[in-house]
Amino acid sequence: MTETPGQTVGPFFHHALAFPGDSELVPFGSAGSVVLHGNVYDGAGDPVPDAMIEIRQADASGVVPSVSGSLRRKGAGFTGWGRCCTDRAGHYWFSTVEPGLPFFAVTVFARGLLDRLFTRIYLPGAAGAVDGLVASREDDGRLRFDIHLQGPSETVFFRFPRN
């Protein structure tokens, strides 16, 4: 058997995959919450208005939740998973907690990609962080991480072998 090739993804995210509260892993402004945000840029440095970012993370104590129905958060508690479509300016945001394991696992979907991209966003000061994958902490406590799909500031993306 041969592998099935990837297919171009997008730009249908805003119409088919978004759902209310998808970027709120915890309620915005709740005790212990933090905002993780940034922009997605293409190779020319222009914002990508129709990308989708997914994160998976540990809770504040370092445990990766195993919760069925991650899309249905109501009453499920913290699931460790969120999704956000970029706006017209290429901006994304999540209301979440700082993970006890010092990184967010990130998947990027965007128009023209033959497959999704995988990366990480490390907390500032995290031991073992990969250069170029560390969020900056803003004066208001928010975490900022911009994703560059190509170009001189291209984000480090990981390859995973296919099974």
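Rules of the game
Residues numbered from 1 in each chain as written. Predicted model: local features only at pLDDT ≥ 70, side-chain atom pairs only at ≥ 80, totals over all residues. Heavy atoms only, no water. UniProt positions renumbered as here; feature names shortened; annotations may be inferred. Buried < 20%, exposed > 50% of the residue type's maximum accessible area, 1.4 Å probe, protein only. Helix = DSSP H or I, 4+ residues; strand = E, 2+ residues; numbered from the N terminus. Pairing = 2+ DSSP bridges. Polar contact = N/O pair within 3.5 Å; in protein donor to acceptor, adjacent residues only side chain to side chain. Contact = heavy atoms within 4.5 Å. Core = buried A, V, L, I, M, F, W, Y, C linked by side-chain atoms within 4.5 Å.

The protein is annotated in an unreviewed UniProt entry as Protocatechuate 3,4-dioxygenase subunit alpha of Lentzea indica. The UniProt entry for the protein carries the following comment under Sequence similarities (unreviewed entry): "Belongs to the intradiol ring-cleavage dioxygenase family."

1. Looking at the pairing of strand E2 (residues 52-56)
With four of five residues buried, E2 lies mostly within the body of the structure. Pairing analysis gives five bridges linking E2 to strand E3 (residues 81-85), with the strands arranged antiparallel. Residue pairing in the sheet places arginine 56 in a bridge with tryptophan 81 of E3. Judged from the five bridges that link them, E2 and strand E5 (residues 103-109) form a sheet pairing that is antiparallel. Bridging across to E5, isoleucine 55 finds its partner in valine 106.

2. A few points about the side chain of glutamine 57
In this structure, glutamine 57 sits in the loop between E2 and E3. Polar contacts involving the side chain of glutamine 57 include one to the main-chain carbonyl oxygen of valine 97, which spans 2.9 Å. Apart from the residues within four sequence positions on either side, glutamine 57 is in contact with Leu25, Val64, Pro65, Phe78, Gly80, Thr96, Val97, Glu98, Pro99, Phe103 and Phe104.

3. Concerning the nonpolar core
Core analysis: the largest hydrophobic core is formed by 31 residues, its most contacted members being Ile53, Tyr92 and Ile147. Among the elements of the structure, strand E1 (34-41), E2, strand E4 (91-96), E5 and strand E6 (117-122) are those that each provide at least two residues to this core. The element best represented in this core is E5, accounting for four residues. Once residues lying within four places of it in the same chain are set aside, the contact partners of isoleucine 53 are Val40, Gly82, Arg83, Cys84, Tyr92, Phe94, Val106, Thr107, Val108 and Ile147.

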